[in-house]
Amino acid sequence: METRKTFISKFRNRQQKPGERVEDYAAELKRLYDKAHSKRNLETREEDPLRKFLDVLAYSDAQFHVEYVKEPENIDEAVVQVVI
């Protein structure tokens, strides 16, 4: 049985898999985070998955451009910038 702690661990350790689409990776991060931290405030619930997404993004040029040029407010905005 999975508990809040297992979802926290899965979120913390989740990496983008080779060949995994950015959209699928982001969706999984959001799912794990929601299971782990459902009671956090909205601002934190947007910032934490975004930070994780940008930190482990497999495409470092995309990461820099998205994080420092586009400055997304949440993971969904970041995904849009990566895939366009």
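Please refer to the structure placed before this passage.
In this text the structure is predicted, and so the values were computed from the model without any measurement.

Moving on to the nonpolar core. Counting 20 residues, the largest nonpolar core has L29, F53, I75, V79 and V82 as its most contacted members. Within the residue set of this core, elements represented by two or more residues are α1 (4-13), α2 (22-36), α3 (42-56) and α5 (75-83). Tallying contributions element by element places α2 first for this core, with seven residues. Sequence-distant contacts of L29, defined by excluding residues within four places in its chain, comprise F11, R14, P49, K52, F53 and I75.

Now for the environment of E23. Of note, E23 is situated in helix α2. Residues E23 and T6 lie 17 residues apart in sequence; the distance between their C-alpha atoms is 23 Å.

Time to look at the side chain of E20. Here E20 lies in the loop between α1 and α2. Judged by relative accessible area, which is 14%, E20 ranks as buried. Filtering out sequence-adjacent residues up to four positions away, E20 remains in contact with R14, Q15 and Y25.

This paragraph deals with the pattern of salt bridges. Counted by the stated rule, this structure contains eight salt bridges. Between E2 and K10 there is a salt bridge; the shortest N-O distance is 2.0 Å. Of the residues examined, K10 reaches a relative accessible area of 38% and is grouped as partly exposed. Ionic pairing is found between R21 and D24, a salt bridge with its closest N-O pair at 3.1 Å.

Cut-off values and rules
- Residues numbered from 1 in each chain as written.
- Predicted model: local features only at pLDDT ≥ 70, side-chain atom pairs only at ≥ 80, totals over all residues.
- Heavy atoms only, no water.
- Core = buried A, V, L, I, M, F, W, Y, C linked by side-chain atoms within 4.5 Å.
- Buried < 20%, exposed > 50% of the residue type's maximum accessible area, 1.4 Å probe, protein only.
- Helix = DSSP H or I, 4+ residues; strand = E, 2+ residues; numbered from the N terminus.
- Contact = heavy atoms within 4.5 Å.
- Salt bridge = Lys/Arg side-chain N within 4 Å of Asp/Glu carboxyl O.

Scope: geometric values only; no functional claims are made or implied.
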